[in-house]
Amino acid sequence: EDQVTQSPEALRLQEGESSSLNCSYTVSGLRGLFWYRQDPGKGPEFLFTLYSAGEEKEKERLKATLTKKESFLHITAPKPEDSATYLCAVQGGSNYQLIWGAGTKLIIKP
Amino acid sequence: NAGVTQTPKFQVLKTGQSMTLQCAQDMNHNSMYWYRQDPGMGLRLIYYSASEGTTDKGEVPNGYNVSRLNKREFSLRLESAAPSQTSVYFCASTSGQGLNSPLHFGNGTRLTVT
């Protein structure tokens, strides 16, 4: 069964304290892995798409990486405005529909 | 541009009542989706419409119906609401079904069924 697991469920960091969020997946024939950001009371907002193992994408303080079993979202020197829930989703096989993880709630304290 | 607009933002229903959640997008997207989001779970697909005139079931379609009214609008109807349908509902759209077409989401409808 296709599955996406994100860890940790919640992460509290001090401003400037770098860390990583994990998204592990089991899917037959990965077509793409997606990262979204969700602010409270809002819909998810697209961040990155990764297509194959070894690929990396960067945006400001965020860098996403991909292996054959998991993806990491690295956050470098975070600021309070980076506080949000980060969602991971995969698309696999012949099914175009996404399988979503439950998300990691990131809190950055000033 | 408004993007994806959902109405209402909040709704409280009693068990057995019916309602329609409205969604409209102004990005000329072909595909539209309805998801529900529950605490501790990933987004789950209820129904989708790959193009105007077509609709298909997703992972959790029971208790729901949809209508793709035109290219812009995609509505979700609860015919007889149940407490298990208490959730946050998100509408999303995309220009295609491929990997290069990220989803654009509305800000959700928060539904409580008592």
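Look above for the structure.
A brief structural summary. Computed from a prediction, not measured in an experiment: that's the story for all the values here. (Residues numbered from 1 in each chain as written. Chains lettered and ligands numbered in written order. Predicted model: local features only at pLDDT ≥ 70, side-chain atom pairs only at ≥ 80, totals over all residues. Heavy atoms only, no water.)

**Concerning unusual backbone geometry**
Point 1. Omega for the peptide link from A:Ser7 to A:Pro8 comes to -10°, which places this bond in the cis form.
Point 2. Inspection of the secondary structure assignment puts A:Pro8 in the loop between β1 (3-7) and β2 (10-14).
Point 3. Geometrically, the link from B:Thr7 to B:Pro8 is a cis peptide bond, its omega value of -5° lying close to zero.
Point 4. In this structure, B:Pro8 sits in the loop between β1 (4-7) and β2 (10-13).
Point 5. With a phi close to 45°, A:Ala77 is a non-glycine residue in the positive phi region.
Point 6. Residue classification places A:Ala77 among the partly exposed residues on the basis of a relative accessible area of 37%.
Point 7. Even without glycine at this site, B:Asn28 takes up a positive phi of about 60°. (Helix = DSSP H or I, 4+ residues; strand = E, 2+ residues; numbered from the N terminus. Buried < 20%, exposed > 50% of the residue type's maximum accessible area, 1.4 Å probe, protein only.)

**Some thoughts on the pattern of salt bridges**
Point 1. This model, assessed by the stated rule, comprises 7 salt bridges over all chains.
Point 2. Between A:Glu55 and A:Lys57 there is a salt bridge whose closest N-O contact spans 3.6 Å.
Point 3. Judged by its relative accessible area of 18%, A:Glu55 falls in the buried class.
Point 4. Residue classification places A:Lys57 among the partly exposed residues on the basis of a relative accessible area of 29%.
Point 5. One salt bridge connects B:Arg44 with B:Asp38, and the closest N-O pair in it is separated by 2.8 Å. We note that B:Arg44, like B:Asp38, is buried.
Point 6. Within the structure, one salt-bridge network assembled from shared partners comprises B:Arg36, B:Asp38 and B:Arg44. (Salt bridge = Lys/Arg side-chain N within 4 Å of Asp/Glu carboxyl O.)

**Description of the state of the cysteines**
Point 1. In total, this model carries 2 disulfides over all chains according to the counting rule given.
Point 2. Between the sulfur atoms of A:Cys23 and its disulfide partner A:Cys88 the distance amounts to 1.9 Å. Looking along the S-S bond of the A:Cys23-A:Cys88 disulfide, the torsion reads about -60°, which is the left-handed sense. With A:Cys23 in strand β3 (residues 19-26) and A:Cys88 in strand β9 (residues 84-92), this residue pair connects regions lying 65 residues apart in the sequence.
Point 3. Relative accessible area serves as the criterion here: at 0%, A:Cys88 is assigned to the buried category.
Point 4. There is a disulfide in this structure between B:Cys23 and B:Cys91, and the S-S distance comes to 1.9 Å. Residues B:Cys23 and B:Cys91 are joined through a disulfide that is left-handed, its torsion about the S-S bond being -70°. Of this pair, B:Cys23 sits in strand β3 (residues 19-25) while B:Cys91 sits in strand β9 (residues 87-94); the two residues are 68 residues apart in sequence, bridging distant segments of the chain. Like B:Cys23, the residue B:Cys91 is buried in the burial classification. (Disulfide = S-S within 2.5 Å.)

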